[in-house]
Amino acid sequence: MDMPNKKYPLPRTEEKHLHQVGKPLVRTDARGKSEGKTRYAGDYVMPNMLHAIVLRAPMASATLKRIDASRARALPGVACILTGDDTSAHDAATDLPGQTGRQRLNTDNQILVRTRVRYHGEPLALIAAETRAIAEKARAMIEFELEPLEGVYDPEEALKPGAPIVQSHDNIVGSHKIRKGDIEKAFKDADHIVEKTYRTQFIEHAFLEPEVGMAWVDENDVVNIRVSTQVIEHFRTIAEAIGVAHNRVRILGALVGGGFGGKEDITVEVYLALLALATQRPVKMVYTREDSWFGHGKRHPFVIKYRTGVTSEGKITGSKIDIVADAGAYVFLSPYVLLYCALASPGPYRVDNLQVDSVAVATNNMFTSAFRGFGACQAAIAHEQQMDELANTIGMDRVEFRRKNYLKKGEPIATGFCVESEVWTEQCVDQAMEALGDKSPARGPLRIGQGVAAYQQSYGRLTMMHDTSECWVGIEMDGTVVVRSGVTDIGAGQGSALCQIAGELLGVPLERTVIYNSDSAVTPLAGTSTASRALYMTGMACKTAASALRERMIKRAAKELGVQIHHVDLANSKAFVVGRTEEFITLKELVGHCARDGIHRSELAQFNAPFTDPIDPETGQGRVHPDYVYGAQAIEVAVDTDTGEVTVLKSVAAHDIGQCINRAAVEGQIEGGTAMGIGYALSEELIYKQGQLMTPSFSEYLIPTAEDTPLEHTSIILESRSGLGPFGAKGIGEPALTPVAPAVANAIADAIGARVLDFPVTPEKILKALEASTAVTT
Amino acid sequence: MTNIKPVTLEINGRQETIAAPNNMTLLEALRELNHFEVKCGCEKGDCGACAVLIDGEAVDSCLMFAHSAVGQPVTTLDGLARNGDDQHPLKKAFVEKGAIQCGYCIPGMMIAAQSMLNKNPNPSKQEMREGLGGNLCRCTGYNKIFDAIEAAASELCGGGKG
Amino acid sequence: MLHEFEFEKPQSLQDVLTLIANNEKETAEDSGHVLLAGGSNIIPAFRANQGSPEVVVDLGGIDELRYIDVGDGRARIGGRTTVSDILDHPDMPTLAPALHQCCKIFAGQMVRNVATIAGNIGCGSPAADSVPPLLALDAEVVLVSKDGERSVALDEYFTGYKQTVRQAHELISEISWPLPAANAASLFRKVGRRKGDAITVVGVAVHFEQENGVCNSLRIALGAVGPTVYRAKRAEALLRGNAVSAELIDEVAQAAAADSAPIDDVRASGDYRKQVIGTVTRRLLRQAAGLDAEGGANHD
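(A) Looking closely at the overall build of chain A. The number of helices and strands found in chain A is 18 helices and 28 strands. The C-alpha radius of gyration of chain A comes to 27 Å, within 12% of the 28 Å expected for a compact globule of 778 residues. Reported as C-alpha extents along the three principal axes, the dimensions of chain A are approximately 85 × 75 × 55 Å. For chain A, the residues scored as buried account for 63% of the 778 residues in total.

(B) Spatial organisation of the domain arrangement of chain C. All names here are of chain C. Looking at chain C, the domain boundaries give domain 1 (6-61), domain 2 (63-178) and domain 3 (187-288). Here the C-alpha centre of domain 3 lies 21 Å away from the C-alpha centre of domain 2. The partner domain 3 presents 21 residues to the 21 residues of domain 2 that form the contact. Among the secondary structure elements, those contributing two or more residues to the side of domain 2 that touches domain 3 are helix H5 (97-104), helix H8 (131-136) and strand S8 (158-160).

(C) Local environment of the interface of chain C and chain A. Counting residues at the interface gives 21 residues for chain C and 24 residues for chain A. A total of 6 residues in the side of chain C that touches chain A trace back to one element, the largest contributor, which is helix H11 (residues 270-288) of chain C. Taken together, the residues of the side of chain C that touches chain A break down into 9 nonpolar, 5 polar and 7 charged.

(D) Representation of the confidence of the model for chain A. Per-chain confidence: chain A averages 96 in pLDDT, with 98% of residues scoring 70 or above. Across residues 1-15 of chain A the pLDDT falls below 50, and counting only partners more than four positions away or on other chains, this stretch makes 14 contacts in the model.

(E) A look at the interface of chain B and chain A. Listed per partner, the contact involves 36 residues of chain B and 40 residues of chain A. Sorting the residues of the side of chain B that touches chain A by element identifies helix H2 (89-96), helix H3 (106-119), helix H4 (125-132) and helix H5 (143-157) of chain B as the ones contributing at least two each. Counted by class, the side of chain B that touches chain A contains 17 nonpolar, 8 polar and 11 charged residues.

(F) Representation of H11 of chain C within the structure. With 19 residues, H11 of chain C extends 26 Å between its outermost C-alpha atoms, agreeing within 8% with the 27 Å of an ideal straight helix rising 1.5 Å per residue. Summarising burial for H11 of chain C: 16 of the 19 residues are buried, a large majority.

(G) Spatial organisation of the environment of tyrosine 198 of chain A. All names here are of chain A. Inspection of the secondary structure assignment puts tyrosine 198 in strand S8 (residues 192-199). Tyrosine 198 sits in the buried class, given 25 other C-beta atoms within 10 Å. A sequence separation of 183 residues divides tyrosine 198 from isoleucine 381, and the C-alpha atoms of the two residues are 7.9 Å apart. In contact with tyrosine 198, other than residues within four places in its own chain, are Ile304, Ile381, Ala382, Gln385 and Leu757.

(H) Spotlight on the sheet that holds strand S24 (residues 627-640) of chain A. All names here are of chain A. In spatial order, the strands read S16-S24-S25-S28; together these 4 strands make up an open sheet with mixed pairing. The sheet is open, and its two borders are formed by strand S16 (446-459) and strand S28 (712-718), each paired with just one other strand. Within this sheet the neighbouring strands show an average axis-to-axis angle of 15 degrees, counted without direction. As judged from the 14 bridges shared by S16 and S24, these two strands associate in the antiparallel manner. Paired with tyrosine 459 across the two strands is aspartate 627, which belongs to S24.

(I) Main features of the domain arrangement of chain A. Residues and elements named next belong to chain A. One can read the domain layout of chain A as domain 1 (30-38 + 468-608), domain 2 (41-149 + 205-295) and domain 3 (302-462 + 614-777). Put simply, the middle of domain 2 and the middle of domain 3, counted by C-alpha atoms, are 35 Å apart. Partitioned by chemical class, the residues of the side of domain 2 that touches domain 3 number 5 nonpolar, 8 polar and 4 charged.

(J) Focus on the packing of helix H10 (residues 376-394) of chain A against helix H17 (residues 740-752) of chain A. All names here are of chain A. Interhelical geometry of H10 versus H17 gives an angle of 30 degrees and a closest axis separation of 8 Å. Considering the relative orientation of H10 and H17, their crossing is right-handed. Contacts between H10 and H17 involve Ala380, Ile381, Glu384, Gln385 and Asp388 on the former and, on the latter, Ala741, Pro742, Ala745, Asn746 and Ala749. Residue classes in the contact of H10 with H17 are distributed as 6 nonpolar, 2 polar and 2 charged.

(K) Representation of unusual backbone geometry in the model. A cis amide bond links phenylalanine 759 of chain A with the next residue in sequence, proline 760 of chain A, at an omega value of -5 degrees. On the secondary structure map, proline 760 of chain A appears in the loop between H17 and helix H18 (763-777). Even without a glycine there, the phi angle at aspartate 138 of chain C is positive, about 65 degrees. Inspection of the secondary structure assignment puts aspartate 138 of chain C in the loop between H8 and strand S6 (140-145). Its 18 C-beta neighbours within 10 Å are what place aspartate 138 of chain C among the partly exposed residues. One non-glycine residue, aspartate 197 of chain C, lies in the positive phi region at around 45 degrees. For aspartate 197 of chain C, the position within the fold is in the loop between strand S11 (185-191) and strand S12 (202-211). Classification of aspartate 197 of chain C as buried rests on a count of 29 C-beta atoms within 10 Å.

(L) Examining the nonpolar core more closely. Residue and element names in this part refer to chain A. The biggest cluster of nonpolar side chains holds 417 residues, and the ones touching the most others in it are Ala52, Leu126, Ile127, Leu272, Val744 and Ile748. For this core, the element with the most residues is helix H14 (residues 534-561), which contributes 13 residues. Apart from the residues lying within four places of it in its own chain, the contact partners of isoleucine 127 are Ala52, Ile53, Leu55, Ala72, Val78, Ile81, Ala135, Ala138 and Arg139.

(M) Seen up close, the packing of helix H9 (residues 334-344) of chain A against H10 of chain A. All names here are of chain A. The geometry of H9 relative to H10 is characterised by a closest axis approach of 7 Å and an angle of 30 degrees between their N-to-C directions. Regarding H9 and H10, the two cross each other, and that crossing is right-handed. Residues Tyr340, Cys341 and Ala344 of H9 form the contact with H10, whose own contacting residues are Ala376, Gln378, Ala379 and Ala380. Grouping the amino acids of the contact of H9 with H10 by side-chain chemistry returns 6 nonpolar, 1 polar and no charged.

(N) Examining the pairing of S6 of chain C more closely. Residue and element names in this part refer to chain C. Pairing of S6 with strand S7 (residues 148-153), which is carried by 6 bridges, proceeds in the antiparallel orientation. When the sheet's bridge partners are listed, serine 145 is paired in S7 with glycine 148. Hairpin connection of S6 to S7: 2 residues between the antiparallel strands. Bridge count for S6 against strand S10 (residues 171-178) is 5 bridges, and the pairing is antiparallel. Looking at the pairing, valine 141 lines up with isoleucine 175 of S10.

(O) Broad picture of the pairing of strand S10 (residues 223-227) of chain A. Residues and elements named next belong to chain A. Within S10, 5 of the 5 residues are buried, which leaves the element mostly enclosed by the surrounding structure. Residue alternation in S10 divides its side chains into two sets, Val223, Ile225 and Val227 and Asn224 and Arg226, and both sets are buried. Sheet topology places strand S9 (residues 212-217) next to S10; 5 bridges connect them, and they run antiparallel. Bridge assignment links methionine 214 to a residue of S10, and that residue is arginine 226. Hairpin connection, S9 to S10: the antiparallel pair is bridged by 5 residues, and aspartate 221 has positive phi, about 60 degrees. Looking at chain direction, S10 and strand S11 (residues 249-253) are connected through 5 bridges and run parallel. Looking at S11, one finds that isoleucine 225 is bridged to isoleucine 251. Considered for its hand, the β-α-β crossover made up of S10, helix H6 (residues 235-242) and S11 is right-handed.

(P) Region of interest: the sheet that holds strand S3 (residues 78-83) of chain A. Residue and element names in this part refer to chain A. Taken in spatial order, the 7 strands line up as S3-S5-S1-S12-S9-S10-S11 in an open sheet, and their pairing is mixed. The sheet is open, and its two edges are formed by S3 and S11, each paired on a single side. Neighbouring strand axes in the sheet, compared pairwise and without regard to direction, differ in orientation by 20 degrees on average. Relative to strand S12 (residues 283-286), S9 runs antiparallel, the two sharing 4 bridges. Counted as the bridge partner of methionine 214 is lysine 284 from S12. Against the sheet, H6 engages S10 and S11, with an angle of about 135 degrees to S11.

Rules of the game
Residues numbered from 1 in each chain as written. Chains lettered and ligands numbered in written order. Predicted model: local features only at pLDDT ≥ 70, side-chain atom pairs only at ≥ 80, totals over all residues. Helix = DSSP H or I, 4+ residues; strand = E, 2+ residues; numbered from the N terminus. Rg over C-alpha atoms; globule rule 2.2 N^0.38 Å. Buried ≥ 20, exposed ≤ 12 C-beta atoms within 10 Å, placed from the backbone. Domains from an automatic or database assignment. Contact = placed C-beta atoms within 7 Å. Nonpolar A, V, L, I, M, F, W, Y, C, P; charged D, E, K, R; others polar. pLDDT = per-residue confidence, 0-100. Expected span 1.5 Å × (residues − 1). Pairing = 2+ DSSP bridges. Axes fitted to C-alpha atoms, helices over the stretch in contact; angles between N-to-C directions. Left-handed = near helix turned anticlockwise from the far one by under 90°. Core = buried A, V, L, I, M, F, W, Y, C linked by C-beta atoms within 7 Å. Right-handed = clockwise from strand over helix to strand, strands pointing away.

This is the structure:
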């Protein structure tokens, strides 16, 4: 058995000492938020403003026979009511938010229900009035008649012939196949075959700030929309939905009070734009928490079935994986979530004989779309539990079994792409397990279990989308730095990271940098804050821009200092001679020289991701993503065998994130992802019965509180500097979540000697599993 | 419209008047009065984003009518202040410990923290968990929030227990 | 919220009683005068269009009902005493251990600061967490009205799901209980779907006294597993007056479970609740009897 190798390869990218990158600096957005001065989209008011709300369908599957807003329109103070008849001219696009590199699929949605309701909460009407109270009164006066239509609420049912059709001609809205090697031979070569089916549940983003925005039409007939969004590039699809030119819609993205993928699709924008155009007044729409359950797509539930062959020595011979996703009532991003899941389904392991069949199926449940992890999260819940089951079947230690199967750098992933960055899964698992330490002692009714989960999570968007990102960096006459970027800051410090990068390259401390971001009219478009791409793509655009500017400044400084270019460095707002720090000029002086010489004191750069064609539809082979992050989580739980309740005692996360930009921000993402994953495994579930949401409040949909997080948590941050992002960075936004829920599930299975295959792993299911396993053994 | 009496509320030491229907909550009144530092997360008392201090004790402003708050000193995040340029120790600690991500839960979180510190100047980690159990955060996992409160407690009254 | 109403904030108990004297019916669901204490139940209810009162009577000014007194062998709390008041009182861990345990994990800090014990009882919900501990403590409720006052045992207070003996012109002015004996064990365990601020799935409170190995006092109160919080009296009778043993405790726990009829809901099934009644009752009784050092109650 090989001893875990603790010496890591030397960094491959530049080895120069970093002044700011990697440090836990105070973020640029922190102070404003701490003072309550930061304005979110709902914190603005405008003179003459109207308040708008949505009337929603109270049932999941129905025909709208009639809707009559005439009494409501007559109520004093009501400015405008729109129904499906008023919004029929256009539909709203939902395919691939905010991208230009690929032809958009026509999965456009009705803006308001015309004749058919497909999900509980689907919008029937928009009401704008002088006050919110009047709008609510008016809403109660709208008369409508819904005739229930037979619906379908389970994807496996929706696939059967004769099922009610929700989308397409057969309810199938996406499918992907992977065919690699020879699966039949793999099963013949196996000593054991393990077949298990894992099920995951509907999950809600539960960002603390519900969806919100405000729109107004200005003197140039530009529709301005201030909105909490992850994607300012929606201006294009909004423009088409309302029938105006692209350059007449402006999105002012506010700082976002949490997104996690739930503000990746359009939410309130089109409604606001239509109302603003109809009334020619500013209109504000603030979703209540009740709206929010129905206001954005949820995380896809998945059914993932494995049939995996393994030798007694511990080598996986092959895997046949069948995946069914519930796409809910509308397509949105289901085909892509499905692709991510299919690709991730074997896990970060070498599986040469692979057959994956996956399908996303429409139902009359709430529509499902983007959520942190985007299908790879669900795959991890399945593949990491399957790995433990395989290990148990052959009687091998779970970590040693993984060690025999890890994918290594340069080896092909499920789609045949060979990863070129470091693949430190083994080191992450080993370090996480070591830090977890010995099992805590059992006491009373408590049984203790430990579990580990490894993962492969992409960063950057699908390469077939030909993703790009822009950033502008400039330096002022006093030596302060300005960054301009469309990037939306959704709480992970996306904006501050760009300041830190620009500051690093230009030798300016973070407090002397500022970012103006998120305005589609004036900030260069950076693309979405999704897919763990903001640091990679916009960070590289920022680095490219700042580097070009740096080069010009260094050249001019060298001339001033009378040395060669490679003797000059920038730091602490100075340009100085390396090794002779008393020979310097201030940046302010340097910029003055540049200005007088007509040297360009700013730079706009575009960074392109790798571009590919879509993968082969028959084999699923090809490059799908730019690159992947690898890591692991180790968890220890105490299970109360009286009640099934679970306490997470210890948690260790180990991720190779390439290079930290802001170390505290990386830790924050890991800690937040850990909490989110614990909720995913234990307590969170949106329950739909016949499509009706049964859990429409935070007292029924239970996210972890301060009392539910691990009693002890450690983050181990490994930096291989091998990523495609700035300074060798990869990403952390999604990876922070991906391994957590499966690690919790594995720990519980270890504690009770039985496995619950259905998420969430509730106390009730744990007691049932304990009972079943006692029955078997007695 | 019936039932709209002007009410005067004492907010952060100032008298502020608003025409408040009887069914207007304190949260609605505060935001009408441009106190945007008070956030709205659920309007049911499940999330704590709207927490303010009433006479030094944290309450969910969505669970109180504006009229009920008459005659009681209300403190929002703006009321946690120091003179001059120095930040209130809680705010400073939240900033320095990296406890703020999207920031939306933060006003309520700080109010709950201050309320807890008002009664218990040196809370243990477990006491912090109990004190913040009614403030949901989806971004941070709470760890750095505990670190910040510990640091602030230290500065506010000297010493601190783990 | 849509519903509009008159608002009164009287400054004395007598003024409150005058205001509600003519109430014929009154719950959040019906019209009339609705009493507002902490607001954590009725304000969300109003927002959800449950209830259309004509007048909301804010009890926030009735300081005379906010007290915790001890004397004559009883502890008494006023109708405006909050959950936080219970936690702030230095002697409550000995005056009412199970009540103190329940208050520690009651909702979240902000709700604890305003929610009253009387309001928690008054809402009549079987999931009201303060009721099992108070029932196990053999508490009594004083109802006052313009006509006078009457005392009702908490054991007789609930008549059905969210139905109580309180009439619309009455108000809970005091809750009291006999001080537990020095050697009494008073324990509470709440089982929920997460640790922080969760609606109770099963709540069990136990009050146990023994002398020379014989149990001479036993009350088991169960919450969230029936239309009201109730005492598992048949189970209690199996142990009361008898020698304490592990086997008998198992029987008591099984009887408590067998006699329960909990429903299915989004949080848990009836079968699970039944099972947990048995396991938790057993664990609490074992801890109370000194057979186990710990492991039963919340916050050991």
